[in-house]
Amino acid sequence: MLNTFSKILLLFLLPVQVSFALLVPIDEAELSSVTGQSIIKIDTQGSNGGALDGSGRVEYTKITLGLDIETSLNADLLELGKYDRSGDNSGTGADLRISDFALGKIDNNGNIIPFKIKDPFIELAYQNDASGKKTVAGVRFGFGEASGALSGNFESLTGDVNVDILDYGAGLSNADGALAQFASFLLGSNPISAKASLVDSSGNANQVRATQVGIPNGDQFNFYASGGNSFTLNLATIVPGLDCVSSGFLVCYHARAIANNCEALGIDVCFDLSSYQTLDVGTDSTPANGLFLSFQTKPINWYDKDSGGAFQATPTVSGAFFNVPNGGLTVDLTQALTGTRRVRTKYVDPYFNGY
Amino acid sequence: MKINIAIILLSIFFVTKIQADLVSLDDAALKNVDGAGIGIVLEDFLYNAGSDVGEGGEFIIGGLAGSQYDGANQEAKLNVTQFYIAGSGSENGSKVEGRTVNIGRLLFPFNIELLNGDDFGIDDKAVLELSAPVKNDATADNLPKAGSQSYFGISTESRTERGGLVGSTTQNTIGSRVSGFRSLDTTIFNSRAAERPDIGISFGVSFDNEIPVENLGLHLESVAVDGSYLRLWGDSGALRTEFSLNVYADNVEVVACDGTGGNCGDSVTFDGFSLEAEFGAGNFQPVTFEVIPGTGANSGNFIFEVASIAGQCSINTSRGSCRDNTAANIATRNKYIDYYENGPAINAYIENVNVGGSDFGSTTISNLQFQYLKVETHNLQ
């Protein structure tokens, strides 16, 4: 029997006998078909040719990788920015804490439905002082495009999570309260839209270590007439708190209910983040653009191009910051009011009683 | 003293920077050498390279896509001004001369070995392993041990979330998960101060052959990679791998300067950086590398894939889980349970993130497992 060392010697010796190959020049025709891939792109932005930041002294260098990524992953814990902020109890808070984090899902046939990412990037932001000294003011990790199921217990979130609520009036039947039930009866076929984001327990917009998502104070539930139901929408404005803002003779085309102190039409419109166990980010046909995670020393703007090629700014706060872009998440009223159930992310899944 | 093979020490000389010295093994050390494969130790190692335009030398990574200030596409180039591997105290590469470092040691060398695949879930296959020094077993005699000791001491918590919707009375969530890292075990390092190099690279970013517009530097201080390995084997006509990448560094720093390399301000630093990343689990979940052949639109794309674990148990199609109603089903289901509890995972911890002089505390990623990962490159223009 050969011992291991002998096997290794043989491994190295064997190729020697077949390695006397002559180097043969490649002719022009072959060379012309050889192309390299440019999978790295470096873009600079900033003050030197058109200031993007109000101070005019922030510059950006973005390194993008040309990658298409499909994945299904699970993690026990994702925690960033665990430090003491003013107003928090010492040693207790983190800017971002998600337990049982997962990307992608498993369908009922046992197929993995991956989370898709295109063109991930890392970007540095510099603050230039008057003498030209460059100080790093922020760093962010993001995706050119992203789509798929994002699951987890969102225990604390600093950032911007914009949720589009799109449904019909009938969805109000899931809410508690006589007013909501009455409105649901009248507005069953009327489209509803609203935008939810991170708030505190009083409904004030709050991007720092938020534990609730809801319709911020002053924002509105919109009810629209479609088809011939402008009459019923007009009728529904007898419900206290529902005002018509675009009307005709005995008809209403657009009514609204203003959120205040986490209530609208008598129903709660603020919910624990942990109620949303799975979020569908973008879609296959319309992936979300602008999903990122960043650290910055002060509130600065990060810039991404919209579908028209124009730069759109995302303002941030200091610390860790998680951004889910506009249009990135869409839920119906049932999901908004009762939460979203966690999808299967493991073949033996603790959230499905171990099955 | 039973020694099958003496370890072959390969002293690799890089120009005039290497000063290698063979050191005799004493009996106490030799008795612990169970010879197998090839061990590599580089003593008094120092590598320091960069562009020296005056002498006609340039180190350029070109052909990159790029743009400035949302202008037209331009070719971007990275002009590497310095790449170094040196002893500790190099101060981001500014003091490398004379600062040598030992890469491995005789008891803890870098290894090339042939292993029995049966030990790794790769049945009836010989496995070629390239590995960094194994970790210490701090509980015994500080000698190399098999198995994987972790740097991380973990704390756990029971899951209390409901699996169903808000208001559901059904509590169908079970088990526990990692809730954080409570301690860090530095004694696992074989790479003591003299064996933990500083590694760094600095490069200028330029566009269309103009002078660099800025200089970026990435510096890792006091690096250890103990416990890392790459295993290779062949199956079904393809090369398969599994690997572990462990990186421990006292400090990882990203520095930005102006185009001349001056005017460097505060940087981004990751203090106490530690990463233990495992990919692949034998033939249950092999890792593969592939380049798409042919002349199609995707030809030449590079693909890195951690195989999907789907399809290795009988599925209960009413819920997508592994069935467990027969002994055979229970056996395959148990493979998944073992995978989730003991399979390849990524753990990372940074004691403190400092951006531009401001501290943002610790960062933790715990027990991250890829059930499937496919990364395919494409052209950026």
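Just above sits the structure.
Attention here is on the structure that accompanies the text. (Residues numbered from 1 in each chain as written. Chains lettered and ligands numbered in written order. Predicted model: local features only at pLDDT ≥ 70, side-chain atom pairs only at ≥ 80, totals over all residues. Heavy atoms only, no water.)

### Structural notes on the packing of aromatic side chains
Put simply, the rule reads: The criterion for an aromatic pair is that two Phe, Tyr or Trp rings (for Trp, the six-membered ring) have centres within 6.5 Å, with stacked assigned to planes under 30 degrees apart, edge-to-face to planes over 60 apart and tilted to the rest. Secondary structure elements follow DSSP: runs of H or I of four or more residues count as helices, runs of E of two or more count as strands, with numbering from the N terminus. Working definition: with a 1.4 Å probe on protein chains only, accessible area under 20% of the residue-type maximum means buried, over 50% means exposed, and in between means partly exposed. We call a charge positioned over a ring when the NZ of a Lys or the CZ of an Arg lies within 6 Å of the ring centre and within 35 degrees of the ring normal.
Counted under the stated rule, the structure contains 23 aromatic pairs over all chains. Each ring, one from A:Tyr83 and one from B:Phe360, has its centre 5.7 Å from the other, and the planes form 80 degrees; the classification is edge-to-face. Taken together, the residues A:Tyr83 in the loop between strand E3 (67–82) and strand E4 (96–103) and B:Phe360 in the loop between strand E21 (358–359) and strand E22 (362–377) connect one chain to another. B:Phe360 matches A:Tyr83 in its accessibility class, with the two residues each being buried. Geometrically, the ring pair formed by A:Tyr347 and B:Tyr336 is tilted, given 5.2 Å between the ring centres and 55 degrees between the ring planes. With A:Tyr347 in the segment after helix H5 (333–338) and B:Tyr336 in helix H2 (residues 327–342), this residue pair bridges two chains. Exposure class is identical for A:Tyr347 and B:Tyr336. Each is buried. Grouping aromatic residues by their ring pairs yields a cluster made of B:Tyr151, B:Phe152, B:Phe181, B:Phe189, B:Tyr248 and B:Tyr349. Sitting above the plane of the A:Tyr351 ring, A:Arg342 keeps its charged end 4.4 Å from the centroid. The ring of A:Phe352 has A:Arg344 lying over it, and the distance from NZ or CZ to the ring centre is 4.5 Å.

### Things to note about the nonpolar core
The line we're drawing: Only buried Ala, Val, Leu, Ile, Met, Phe, Trp, Tyr and Cys residues count toward a nonpolar core, and they belong to the same one when joined by side-chain atoms within 4.5 Å. Only heavy atoms enter the contact rule, under which two residues are in contact if any of them lie within 4.5 Å.
Counting 98 residues, the largest nonpolar core has A:Phe221, A:Phe223 and A:Leu242 as the members making the most contacts within it. Each residue touching A:Phe223, except ones within four places of it in the same chain, is listed here: A:Leu172, A:Leu187, A:Pro191, A:Ile192, A:Leu233, A:Leu242, A:Tyr253, A:His254, A:Ala255, A:Arg256, A:Ala257 and A:Leu265.

### Brief notes about the interface of chain A and chain B
Frequently, the measure chosen for interface size is the accessible area removed from exposure when the parts meet. Under the convention used in this document: Note on definitions: buried area is the accessible-area loss of two parts on being combined, 1.4 Å probe, summed for both. A pair is scored as a salt bridge if a Lys or Arg side-chain nitrogen falls within 4 Å of a carboxyl oxygen belonging to Asp or Glu. N or O atoms within 3.5 Å of each other form a polar contact, as long as, within protein, one can give a hydrogen and the other can take it, and as long as residues adjacent in sequence are counted only when both atoms are side-chain atoms. Three classes are used: nonpolar for Ala, Val, Leu, Ile, Met, Phe, Trp, Tyr, Cys and Pro, charged for Asp, Glu, Lys and Arg, and polar for all others, with Gly counted as polar. Should DSSP find at least two bridges between two strands, the strands are taken to pair.
Taken together, the contact between chain A and chain B spans 92 residues of the former and 93 residues of the latter. Regarding the contact of chain A and chain B, the summed buried area is about 7700 Å², with carbon and sulfur atoms giving 58% of it. Counting every contact that joins chain A to chain B gives two salt bridges. We note a salt bridge from A:Asp100 to B:Arg177, for which the minimum N-O separation is 2.7 Å. Where chain A meets chain B, there are 40 residue pairs in polar contact (both at pLDDT 80 or more). Sorting the residues of the side of chain A that touches chain B by element identifies helix H1 (4–13), strand E1 (40–45), strand E2 (58–65), E3, E4, strand E7 (115–128), strand E8 (134–157) and strand E19 (292–296) of chain A as the ones contributing at least two each. Top contributing element to the side of chain A that touches chain B by residue count: E3(A), with 16 residues. Tallied by class, the residues present in the side of chain A that touches chain B amount to 32 nonpolar, 38 polar and 22 charged. Two elements, E1(A) and strand E4 (residues 60–68) of chain B, share four bridges in a ladder whose sense is parallel.

### Describing the state of the cysteines
Residue and element names in this part refer to chain B. In plain terms, the rule: Any pair of cysteine sulfurs within 2.5 Å is marked as a disulfide.
Under the definition given, this model contains four disulfides over all chains. A sulfur-sulfur separation of 1.9 Å characterises the disulfide bridge that pairs Cys-257 with Cys-264. Classification of the bridge connecting Cys-257 and Cys-264 rests on its S-S torsion, roughly 105 degrees, and on that basis the disulfide is right-handed. Residue class for Cys-257 comes out buried when judged on its relative accessible area of 8%. A residue is classified by how much of its surface remains accessible, and Cys-264, at 34% relative accessible area, is partly exposed. Through a disulfide, Cys-313 is tied to Cys-322; the S-S separation comes to 2.1 Å. Disulfide Cys-313-Cys-322: the torsion about the S-S bond is -85 degrees, which places it as left-handed. The same class applies to Cys-313 as to Cys-322, namely buried. Listing the disulfide partners of chain B by sequence rank of the bonded cysteines yields 1-2, 3-4. Going through chain A in sequence order and numbering each bonded cysteine, the pairs you get are 1-2, 3-4.

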